[in-house]
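Remarks on the overall topology
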Amino acid sequence: MGGGPVPEGEGGWQPVAPSPVAFDGLPVPHELTEDEIQQLVRDFAAAAERALAAGFRVVEIHGAHGYLINSFLSPAANHRTDSYGGSWENRLRFPLQVVDAVRAVWPDDLPVLFRTSATDWLTENPEDPREGWTGDDTVRLAKELTAHGVDLLDVSTGGLVRDARISVGPGYQVPFAEQVRRATGIPTSAVGLILEPAQAEEIVASGQADAVMLGRELLRDPHWAHHAAEALGAEPRWPDPYGYAVVRRRTAKA
Ligand SMILES: Cc1cc2nc3c(=O)[nH]c(=O)nc-3n(C[C@H](O)[C@H](O)[C@H](O)COP(=O)(O)O)c2cc1C
(Lines give C-alpha, C1' and ligand atoms only; values in the text may rest on other atoms or scores of the structure.)
Protein backbone atom coordinates (compact mmCIF):
# COMPACT_ATOMS: atom_id res chain seq x y z
CA MET A 1 0.00 0.00 0.00
CA GLY A 2 1.23 3.50 -0.40
CA GLY A 3 1.42 5.15 -3.77
CA GLY A 4 5.20 5.56 -3.83
CA PRO A 5 7.61 3.71 -6.10
CA VAL A 6 8.35 0.03 -5.35
CA PRO A 7 12.12 -0.35 -4.72
CA GLU A 8 13.99 -2.53 -7.21
CA GLY A 9 14.92 -4.96 -4.43
CA GLU A 10 11.22 -5.54 -3.74
CA GLY A 11 10.15 -6.28 -7.31
CA GLY A 12 10.12 -2.73 -8.67
CA TRP A 13 12.12 -1.58 -11.64
CA GLN A 14 14.03 1.45 -12.78
CA PRO A 15 11.91 3.60 -15.09
CA VAL A 16 13.29 4.58 -18.49
CA ALA A 17 12.93 7.89 -20.32
CA PRO A 18 14.47 9.99 -23.09
CA SER A 19 16.46 11.90 -20.44
CA PRO A 20 17.29 11.34 -16.76
CA VAL A 21 14.59 13.76 -15.55
CA ALA A 22 12.71 12.52 -12.49
CA PHE A 23 8.95 13.05 -12.15
CA ASP A 24 8.46 15.03 -8.95
CA GLY A 25 10.60 13.09 -6.48
CA LEU A 26 10.21 9.68 -8.12
CA PRO A 27 13.35 7.70 -9.09
CA VAL A 28 15.59 9.19 -11.78
CA PRO A 29 14.89 7.24 -15.01
CA HIS A 30 17.57 5.53 -17.05
CA GLU A 31 18.35 7.48 -20.23
CA LEU A 32 17.49 5.14 -23.08
CA THR A 33 20.20 4.19 -25.57
CA GLU A 34 19.39 4.17 -29.28
CA ASP A 35 19.39 0.34 -29.29
CA GLU A 36 16.94 0.33 -26.40
CA ILE A 37 14.72 2.80 -28.25
CA GLN A 38 14.70 0.51 -31.28
CA GLN A 39 13.76 -2.43 -29.06
CA LEU A 40 10.87 -0.40 -27.63
CA VAL A 41 9.58 0.32 -31.14
CA ARG A 42 9.53 -3.44 -31.77
CA ASP A 43 7.84 -3.96 -28.38
CA PHE A 44 5.00 -1.59 -29.30
CA ALA A 45 4.45 -3.52 -32.55
CA ALA A 46 4.48 -6.83 -30.68
CA ALA A 47 1.91 -5.45 -28.22
CA ALA A 48 -0.35 -4.43 -31.11
CA GLU A 49 -0.02 -7.92 -32.61
CA ARG A 50 -1.05 -9.44 -29.28
CA ALA A 51 -4.04 -7.09 -29.08
CA LEU A 52 -5.13 -8.15 -32.57
CA ALA A 53 -4.70 -11.84 -31.73
CA ALA A 54 -6.77 -11.28 -28.59
CA GLY A 55 -9.64 -9.99 -30.74
CA PHE A 56 -9.38 -6.22 -30.36
CA ARG A 57 -10.52 -4.22 -33.38
CA VAL A 58 -9.26 -0.78 -32.30
CA VAL A 59 -5.81 -0.02 -30.97
CA GLU A 60 -4.80 3.21 -29.27
CA ILE A 61 -1.19 4.29 -28.87
CA HIS A 62 -0.71 6.11 -25.57
CA GLY A 63 1.17 9.29 -26.38
CA ALA A 64 -0.15 11.35 -23.45
CA HIS A 65 0.08 11.95 -19.70
CA GLY A 66 3.85 11.93 -19.29
CA TYR A 67 4.24 8.35 -20.43
CA LEU A 68 7.19 7.44 -22.64
CA ILE A 69 5.97 8.78 -26.00
CA ASN A 70 4.79 12.03 -24.41
CA SER A 71 8.18 12.38 -22.72
CA PHE A 72 9.94 12.18 -26.08
CA LEU A 73 7.66 14.84 -27.59
CA SER A 74 7.92 17.50 -24.91
CA PRO A 75 11.02 19.67 -24.50
CA ALA A 76 10.18 19.68 -20.77
CA ALA A 77 11.23 16.01 -20.56
CA ASN A 78 13.38 15.39 -23.64
CA HIS A 79 16.84 16.91 -23.27
CA ARG A 80 18.61 14.56 -25.66
CA THR A 81 21.23 15.80 -28.08
CA ASP A 82 21.19 12.81 -30.47
CA SER A 83 18.72 12.16 -33.31
CA TYR A 84 15.88 11.55 -30.78
CA GLY A 85 15.99 14.98 -29.13
CA GLY A 86 16.54 18.66 -29.61
CA SER A 87 14.75 19.73 -32.77
CA TRP A 88 11.02 19.29 -33.36
CA GLU A 89 11.71 16.56 -35.97
CA ASN A 90 14.03 14.70 -33.62
CA ARG A 91 11.54 14.75 -30.73
CA LEU A 92 8.91 13.27 -33.04
CA ARG A 93 11.22 10.51 -34.29
CA PHE A 94 10.43 7.86 -31.66
CA PRO A 95 6.65 8.53 -31.56
CA LEU A 96 6.41 8.31 -35.36
CA GLN A 97 8.56 5.16 -35.45
CA VAL A 98 6.12 3.60 -32.97
CA VAL A 99 3.14 4.65 -35.09
CA ASP A 100 4.76 3.21 -38.24
CA ALA A 101 5.61 -0.06 -36.50
CA VAL A 102 2.09 -0.44 -35.09
CA ARG A 103 0.45 0.55 -38.38
CA ALA A 104 2.59 -2.04 -40.18
CA VAL A 105 1.16 -4.91 -38.12
CA TRP A 106 -2.38 -3.51 -37.68
CA PRO A 107 -4.83 -4.26 -40.55
CA ASP A 108 -5.41 -1.33 -42.91
CA ASP A 109 -9.19 -1.51 -42.44
CA LEU A 110 -9.00 -1.24 -38.64
CA PRO A 111 -8.43 2.07 -36.84
CA VAL A 112 -5.36 3.23 -34.97
CA LEU A 113 -6.02 5.95 -32.38
CA PHE A 114 -3.39 8.10 -30.69
CA ARG A 115 -3.91 9.66 -27.26
CA THR A 116 -2.03 12.91 -26.87
CA SER A 117 -1.50 15.54 -24.21
CA ALA A 118 -2.24 18.72 -26.14
CA THR A 119 -0.39 20.80 -23.55
CA ASP A 120 1.87 20.30 -20.52
CA TRP A 121 0.03 23.32 -18.98
CA LEU A 122 3.35 25.20 -18.76
CA THR A 123 2.95 27.69 -21.59
CA GLU A 124 -0.71 28.34 -20.62
CA ASN A 125 0.63 30.00 -17.50
CA PRO A 126 2.53 33.19 -18.48
CA GLU A 127 4.33 33.23 -15.11
CA ASP A 128 5.82 29.77 -15.70
CA PRO A 129 9.20 30.22 -17.42
CA ARG A 130 9.53 26.55 -18.39
CA GLU A 131 9.50 25.44 -22.01
CA GLY A 132 6.69 23.04 -22.81
CA TRP A 133 4.47 21.39 -25.38
CA THR A 134 1.65 23.57 -26.73
CA GLY A 135 -1.68 23.35 -28.53
CA ASP A 136 0.03 24.64 -31.68
CA ASP A 137 2.58 21.81 -31.40
CA THR A 138 -0.35 19.41 -31.21
CA VAL A 139 -1.84 20.77 -34.43
CA ARG A 140 1.49 20.14 -36.18
CA LEU A 141 1.76 16.70 -34.59
CA ALA A 142 -1.77 15.81 -35.70
CA LYS A 143 -0.84 16.41 -39.33
CA GLU A 144 2.22 14.16 -39.01
CA LEU A 145 0.24 11.43 -37.27
CA THR A 146 -2.43 11.41 -39.96
CA ALA A 147 0.24 11.16 -42.65
CA HIS A 148 1.56 8.11 -40.77
CA GLY A 149 -1.84 6.37 -40.67
CA VAL A 150 -3.44 7.47 -37.39
CA ASP A 151 -7.22 7.63 -37.78
CA LEU A 152 -8.25 9.70 -34.74
CA LEU A 153 -6.49 11.92 -32.25
CA ASP A 154 -7.75 11.43 -28.66
CA VAL A 155 -6.98 14.82 -27.16
CA SER A 156 -6.21 14.90 -23.46
CA THR A 157 -3.76 17.16 -21.60
CA GLY A 158 -1.17 17.22 -18.83
CA GLY A 159 0.49 14.50 -16.79
CA LEU A 160 4.08 15.38 -17.65
CA VAL A 161 4.79 18.01 -15.01
CA ARG A 162 3.09 17.52 -11.67
CA ASP A 163 3.25 21.12 -10.45
CA ALA A 164 1.86 22.67 -13.63
CA ARG A 165 -1.19 24.86 -12.93
CA ILE A 166 -4.27 23.44 -14.64
CA SER A 167 -7.62 25.21 -15.02
CA VAL A 168 -9.98 22.31 -14.40
CA GLY A 169 -13.73 22.56 -15.04
CA PRO A 170 -16.46 20.91 -17.11
CA GLY A 171 -15.16 20.18 -20.61
CA TYR A 172 -11.86 21.92 -19.82
CA GLN A 173 -9.90 19.97 -22.45
CA VAL A 174 -12.47 20.27 -25.23
CA PRO A 175 -10.95 23.50 -26.68
CA PHE A 176 -7.74 21.60 -27.45
CA ALA A 177 -9.62 18.94 -29.44
CA GLU A 178 -11.51 21.74 -31.17
CA GLN A 179 -8.29 23.55 -32.06
CA VAL A 180 -6.89 20.47 -33.79
CA ARG A 181 -10.14 19.65 -35.57
CA ARG A 182 -10.73 23.18 -36.83
CA ALA A 183 -7.11 23.67 -37.94
CA THR A 184 -6.70 20.32 -39.66
CA GLY A 185 -10.05 18.58 -40.20
CA ILE A 186 -8.53 15.51 -38.60
CA PRO A 187 -10.99 13.42 -36.57
CA THR A 188 -10.60 14.08 -32.86
CA SER A 189 -12.18 13.00 -29.61
CA ALA A 190 -12.56 15.13 -26.50
CA VAL A 191 -12.21 13.95 -22.92
CA GLY A 192 -12.24 15.41 -19.41
CA LEU A 193 -15.18 16.24 -17.13
CA ILE A 194 -17.76 15.47 -19.78
CA LEU A 195 -20.62 14.54 -17.50
CA GLU A 196 -24.03 15.25 -19.03
CA PRO A 197 -25.62 13.74 -22.16
CA ALA A 198 -26.58 17.18 -23.51
CA GLN A 199 -23.00 18.41 -22.95
CA ALA A 200 -21.61 15.44 -24.88
CA GLU A 201 -24.14 15.93 -27.67
CA GLU A 202 -23.29 19.63 -27.96
CA ILE A 203 -19.55 18.93 -28.30
CA VAL A 204 -20.17 16.61 -31.25
CA ALA A 205 -23.06 18.54 -32.82
CA SER A 206 -21.17 21.85 -32.75
CA GLY A 207 -18.14 20.28 -34.40
CA GLN A 208 -15.76 20.72 -31.47
CA ALA A 209 -14.90 17.01 -31.72
CA ASP A 210 -16.02 13.93 -33.63
CA ALA A 211 -16.45 11.82 -30.51
CA VAL A 212 -16.35 12.12 -26.76
CA MET A 213 -14.59 9.81 -24.33
CA LEU A 214 -15.54 9.42 -20.70
CA GLY A 215 -13.62 8.16 -17.69
CA ARG A 216 -15.04 8.71 -14.25
CA GLU A 217 -18.70 9.06 -15.25
CA LEU A 218 -18.47 5.57 -16.72
CA LEU A 219 -17.10 4.29 -13.42
CA ARG A 220 -20.04 5.91 -11.60
CA ASP A 221 -22.58 4.71 -14.18
CA PRO A 222 -21.35 1.86 -16.40
CA HIS A 223 -24.58 2.20 -18.42
CA TRP A 224 -23.99 5.92 -19.06
CA ALA A 225 -24.16 5.51 -22.85
CA HIS A 226 -27.55 3.79 -22.63
CA HIS A 227 -28.88 6.32 -20.15
CA ALA A 228 -27.58 9.19 -22.28
CA ALA A 229 -29.22 7.75 -25.39
CA GLU A 230 -32.52 7.56 -23.53
CA ALA A 231 -32.09 11.11 -22.20
CA LEU A 232 -31.52 12.35 -25.74
CA GLY A 233 -34.63 10.63 -27.04
CA ALA A 234 -33.08 7.59 -28.70
CA GLU A 235 -33.97 3.99 -27.99
CA PRO A 236 -30.74 2.24 -27.05
CA ARG A 237 -30.38 -1.49 -27.48
CA TRP A 238 -29.85 -2.93 -24.02
CA PRO A 239 -28.03 -6.26 -23.76
CA ASP A 240 -30.56 -9.11 -24.12
CA PRO A 241 -30.29 -10.32 -20.52
CA TYR A 242 -31.30 -6.82 -19.34
CA GLY A 243 -34.43 -6.75 -21.50
CA TYR A 244 -36.79 -8.05 -18.84
CA ALA A 245 -35.67 -5.44 -16.31
CA VAL A 246 -35.90 -2.62 -18.86
CA VAL A 247 -39.44 -3.62 -19.88
CA ARG A 248 -40.43 -3.83 -16.19
CA ARG A 249 -39.04 -0.32 -15.60
CA ARG A 250 -40.93 1.14 -18.58
CA THR A 251 -44.13 -0.62 -17.47
CA ALA A 252 -43.71 0.68 -13.93
CA LYS A 253 -43.18 4.23 -15.24
CA ALA A 254 -46.25 4.12 -17.57
C1 LIG B 1 -8.74 5.92 -11.76
C2 LIG B 1 -8.31 6.50 -13.08
C3 LIG B 1 -7.35 5.87 -13.83
C4 LIG B 1 -6.95 6.37 -15.07
N5 LIG B 1 -6.02 5.71 -15.79
C6 LIG B 1 -5.71 6.14 -17.03
C7 LIG B 1 -4.82 5.41 -17.86
O8 LIG B 1 -4.28 4.38 -17.46
N9 LIG B 1 -4.56 5.89 -19.09
C10 LIG B 1 -5.14 7.03 -19.55
O11 LIG B 1 -4.89 7.42 -20.69
N12 LIG B 1 -5.95 7.75 -18.79
C13 LIG B 1 -6.26 7.33 -17.55
N14 LIG B 1 -7.11 8.07 -16.78
C15 LIG B 1 -7.63 9.34 -17.31
C16 LIG B 1 -8.95 9.07 -18.02
O17 LIG B 1 -8.78 8.23 -19.15
C18 LIG B 1 -9.59 10.37 -18.47
O19 LIG B 1 -8.83 10.95 -19.51
C20 LIG B 1 -9.70 11.37 -17.33
O21 LIG B 1 -10.21 10.76 -16.16
C22 LIG B 1 -10.58 12.57 -17.73
O23 LIG B 1 -11.85 12.14 -18.12
P24 LIG B 1 -13.10 12.11 -17.08
O25 LIG B 1 -13.24 13.49 -16.50
O26 LIG B 1 -14.27 11.68 -17.95
O27 LIG B 1 -12.78 11.09 -16.03
C28 LIG B 1 -7.53 7.57 -15.54
C29 LIG B 1 -8.48 8.23 -14.77
C30 LIG B 1 -8.88 7.70 -13.55
C31 LIG B 1 -9.93 8.45 -12.74
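The subject of this paragraph is the side chain of serine 156. Following the sequence through the fold, serine 156 ends up in strand β5 (residues 152-156). Classification of serine 156 as buried rests on a relative accessible area of 4%. Leaving out residues up to four positions away in the same chain, serine 156 has contacts with His65, Arg115, Thr116, Ser117, Ala118, Gln173 and Val191.

Position of aspartate 128 among the secondary structure elements: in the loop between β4 (112-117) and α4 (135-147). Polar side-chain contacts of aspartate 128 include one of 2.8 Å to the side chain of arginine 130.

To continue, consider the sheet that holds strand β3 (residues 59-63). Reading across the sheet, the 5 strands line up as β3-β4-β5-β6-β7 and stay open at both edges, with parallel pairing between neighbours. The outermost strands of the open sheet, each flanked by one partner alone, are β3 and β7 (211-213). Recorded for the sheet is a direction-independent mean angle of 25° between the axes of neighbouring strands. For β3 and β4, the ladder comprises 5 bridges, and the chain directions are parallel. Its bridge partner being in β4, isoleucine 61 is matched across the sheet by phenylalanine 114.

Here we take up the packing of helix α1 (residues 34-53) against helix α3 (residues 88-105). At a closest axis distance of 8 Å, the pairing of α1 and α3 adopts a crossing angle of 35°. Considering only the axes of α1 and α3, their crossing is right-handed. Across from Ile37, Gln38, Leu40, Val41, Phe44, Ala45, Ala48, Glu49 and Leu52 in α1, the residues of α3 making contact are Phe94, Gln97, Val98, Ala101, Val102 and Val105. When its residues are assigned to classes, the contact of α1 with α3 shows 12 nonpolar, 2 polar and 1 charged.

Turning our attention to the pairing of β5. Taken across its 5 residues, β5 has 5 buried, putting it largely inside the fold. As paired elements, β4 and β5 share 5 bridges and run parallel to each other. Residue serine 117 lies in a different strand from β5, and its bridge partner there is serine 156. In this region the chain leaves β4, passes through α4 and returns to the parallel neighbour β5; the handedness of that crossover is right-handed. The pairing of β5 with strand β6 (residues 188-191) spans 3 bridges and is classified as parallel. Bridge pairing in β6 places valine 155 opposite alanine 190.

Another aspect to go through is unusual backbone geometry. Trans peptide bonds make up most of the peptide bonds, and negative phi angles are found at most residues other than glycine. A positive phi angle is found at histidine 65, which is not glycine, with a value near 60°. Position of histidine 65 among the secondary structure elements: in the loop between β3 and α2 (68-73). Although it is not a glycine, leucine 193 sits at a positive phi angle of roughly 50°. Classification of leucine 193 as partly exposed rests on a relative accessible area of 25%.

Conventions adopted
Residues numbered from 1 in each chain as written. Predicted model: local features only at pLDDT ≥ 70, side-chain atom pairs only at ≥ 80, totals over all residues. Heavy atoms only, no water. Helix = DSSP H or I, 4+ residues; strand = E, 2+ residues; numbered from the N terminus. Buried < 20%, exposed > 50% of the residue type's maximum accessible area, 1.4 Å probe, protein only. Contact = heavy atoms within 4.5 Å. Polar contact = N/O pair within 3.5 Å; in protein donor to acceptor, adjacent residues only side chain to side chain. Pairing = 2+ DSSP bridges. Axes fitted to C-alpha atoms, helices over the stretch in contact; angles between N-to-C directions. Left-handed = near helix turned anticlockwise from the far one by under 90°. Nonpolar A, V, L, I, M, F, W, Y, C, P; charged D, E, K, R; others polar. Right-handed = clockwise from strand over helix to strand, strands pointing away.

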